[in-house]
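A closer look at the structure
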Amino acid sequence: MIDQMYRKAVLTVAGQKAIENAVRARGWGMAQRFVAGETPQTAIQAVHDLKKDGIMANLDLLGEFIESPAQCTQFADNVITMQGAAHAAGITPYVSIKLSSVGQGKTVDGEDLGLTNARRIIRRAREYGGFVCLDMEDHPRVDQTLAQFRTLHGEFGGQHVGTVLQSYLYRTEKDRASLDDLSPNLRIVKGAYLEPETVAYPQKADVDAAYRRLVYAHMQAGNYVNVATHDESIIHDVQMYALAHGISKDAFEFQMLYGIRRDLQRNLAAAGYRVRAYIPYGRDWYPYFSRRIAETPRNAMFVLRGMLKG
Ligand code: FDA
């Protein structure tokens, strides 16, 4: 409950224009802890750096609530440019996209623009042997995202496209089971948006319990699982579960956000687990940054200290 109140307070404050302007003006230095840089080159450098520690990468061009269809298509073009830059740098591009950023919900030439642009990005991923994960956004988008995932999975196959499920939503265990016929590559997260009690568990203990159930069920179904969390107790339980059920270390991976728990990322990789860092980059870093602050008061203190130092 406290977590939910804290998150709500931070996201409400962060949504105010004056706060946004103040943080944008003075916050880039602090945002660099969580964001690799503003250009594809800085992100690619981060990929090379992580590789030295045996950590894989997931590139994420930041950009939310992009308004016009032309902006959405431009955004998709930028992702494709980044896939090309990564390929040219010797990296198999693994990227995440938010369907809203590429036009989900906007109809152009009789088709959803998000689907059209996602196709272009996944086609490029297939060309380079890469992968595209469709991030999950706030709850009104879940139905459409899962339907579009199913369509894209049918067209390109599970080795090139996956998606995300959020354990804080009551509906998610049913959603997971409903995807079993695809044997999908799924990322399981707790969920980062401010959701009402009508759709999401308000208590953290319930979110955590649902998280474990989702991961175990997806493993039991024989599917590849991306265990995306910094929660050490869950990570430990997943390791034990895999061991007890004979699930090999290459049947799942741990995923964490760039700049968060690097020690844990390195230790898991050194212990032979597959680990992937989610590397956000780009000029539109503010909404992403706000959500990281909303996750833990420790991060808010880090920002406040930085701002007071000026
Ligand atoms: P929880 O919040 O319970 O934190 C567990 C512990 O981890 C905390 O005690 C703290 O020590 C540490 N921790 C967590 N967050 C931290 C932070 N920001 N800074 C410092 N320490 C932190 N969400 C979504 O809705 N859609 C999506 O598509 C994705 N995609 C995604 C990809 C990847 C790779 C990750 C890791 C996460 C996401 N998320 C997401 C975000 C996710 O929903 C969730 O908000 C965060 O992962 C934080 O929750 P934890 O699982 O880490 O647990």
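Residues numbered from 1 in each chain as written. Predicted model: local features only at pLDDT ≥ 70, side-chain atom pairs only at ≥ 80, totals over all residues. Heavy atoms only, no water.

A short note on the overall build of the protein
- Of regular secondary structure, the protein possesses 13 helices and ten strands.
- Taken over C-alpha atoms, the radius of gyration comes to 19 Å for the protein, in line with the 19 Å a tight globule of 310 residues would show.
- Projected onto the principal axes, the alpha-carbon positions of the protein cover approximately 50 × 45 × 45 Å.
- In the protein, which comprises 310 residues, the share counted as buried stands at 54%.
- Partitioning the contacts of the protein with sequence separation of at least 6, the portion at a separation of at least 24 is 74%.
- When the accessible area of the protein is evaluated, it comes to approximately 13600 Å², of which 55% is carbon and sulfur surface.
- The distance from the centre of the 37 positive side-chain charges to the centre of the 34 negative ones in the protein is 5 Å. (Helix = DSSP H or I, 4+ residues; strand = E, 2+ residues; numbered from the N terminus. Rg over C-alpha atoms; globule rule 2.2 N^0.38 Å. Buried < 20%, exposed > 50% of the residue type's maximum accessible area, 1.4 Å probe, protein only. Contact = heavy atoms within 4.5 Å. Areas by Shrake-Rupley, 256 points an atom, 1.4 Å probe, with all protein chains shown as cover. Lys, Arg positive; Asp, Glu negative; His and termini not counted. Charge placed at Lys NZ, Arg CZ, Asp CG, Glu CD.)

What about the domain arrangement of the protein?
- As assigned here, the protein comprises domain 1 (1–34 + 286–310) and domain 2 (35–284).
- Measuring from the centre of the C-alpha atoms in domain 1 to the corresponding centre in domain 2 gives 23 Å.
- Taken together, the contact between domain 1 and domain 2 spans 18 residues of the former and 26 residues of the latter.
- In this assembly, domain 1 and domain 2 are joined by zero salt bridges.
- Between the two partners, domain 1 and domain 2, sit zero residue pairs in polar contact (both at pLDDT 80 or more).
- Broken down by element, the residue count for the side of domain 1 that touches domain 2 peaks at six residues, all from helix α12 (residues 286–295).
- By residue class, the composition of the side of domain 1 that touches domain 2 is eight nonpolar, two polar and eight charged. (Domains from an automatic or database assignment. Salt bridge = Lys/Arg side-chain N within 4 Å of Asp/Glu carboxyl O. Polar contact = N/O pair within 3.5 Å; in protein donor to acceptor, adjacent residues only side chain to side chain. Nonpolar A, V, L, I, M, F, W, Y, C, P; charged D, E, K, R; others polar.)

Regarding the packing of aromatic side chains
- This model, assessed by the stated rule, comprises eight aromatic pairs.
- Ring geometry for Tyr-94 against Phe-131: centres 4.9 Å apart, planes inclined by 35 degrees, an arrangement best described as tilted. Pair noted here: Tyr-94 is in strand β2 (residues 94–97) and Phe-131 is in strand β5 (residues 131–134), with a separation of 37 residues, a long-range link.
- What makes Tyr-94 buried here is its relative accessible area of 9%.
- For the ring pair Phe-252 and Tyr-273, a centre distance of 6.1 Å and an interplane angle of 50 degrees mean the geometry is tilted. Of this pair, Phe-252 sits in strand β9 (residues 252–257) while Tyr-273 sits in the loop between α11 (262–270) and β10 (275–281); the two residues are 21 residues apart in sequence, bridging distant segments of the chain. Exposure class is identical for Phe-252 and Tyr-273. Each is buried. (Phe/Tyr/Trp six-rings, centres within 6.5 Å; stacked < 30°, edge-to-face > 60°.)

Some words on the sheet that holds β5
- Ordered in space as β1-β2-β5-β6-β7-β8-β9-β10, the eight strands form a closed barrel in which the pairing is parallel. Looking at each pair of strands side by side, their axes are set apart by 30 degrees on average, direction ignored.
- Summarising the sheet, strand β1 (residues 56–61) and β2 pair through two bridges and their orientation is parallel. Looking at the pairing, Asp-60 lines up with Ser-96 of β2.
- Seen against the sheet, helix α4 (residues 40–51) touches β1 and β10 and runs at an angle of roughly 160 degrees to β10.
- Here helix α10 (residues 232–244) sits on the sheet in contact with β8 (225–228) and β9, set at roughly 170 degrees to β9. (Pairing = 2+ DSSP bridges. Axes fitted to C-alpha atoms, helices over the stretch in contact; angles between N-to-C directions.)

What to know about helix α6 (residues 113–128)
- Compared with the 22 Å implied by 1.5 Å per residue over 16 residues, the 23 Å span of α6 between its first and last C-alpha is a close match.
- Gly-129 sits one or two residues past α6 and shows a positive phi near 70 degrees. (Expected span 1.5 Å × (residues − 1).)

Things to note about the UniProt feature "binding site: substrate" (unreviewed entry) in the protein
- Mapped onto this numbering, the UniProt entry gives "binding site: substrate" (unreviewed entry) at Lys-98, Arg-291 and Arg-292. In the annotated group above, the largest pocket draws its lining from Lys-98, Arg-291 and Arg-292.
- Assignment of secondary structure puts Lys-98 in the loop between β2 and β3 (107–108).
- You can see Arg-292 is positioned in helix α12. (UniProt positions renumbered as here; feature names shortened; annotations may be inferred. 1 Å grid on protein atoms, 1.4 Å probe; cavity = no way out; pocket = protein on both sides within 12 Å on 5 of 7 lines; lining within 4 Å.)

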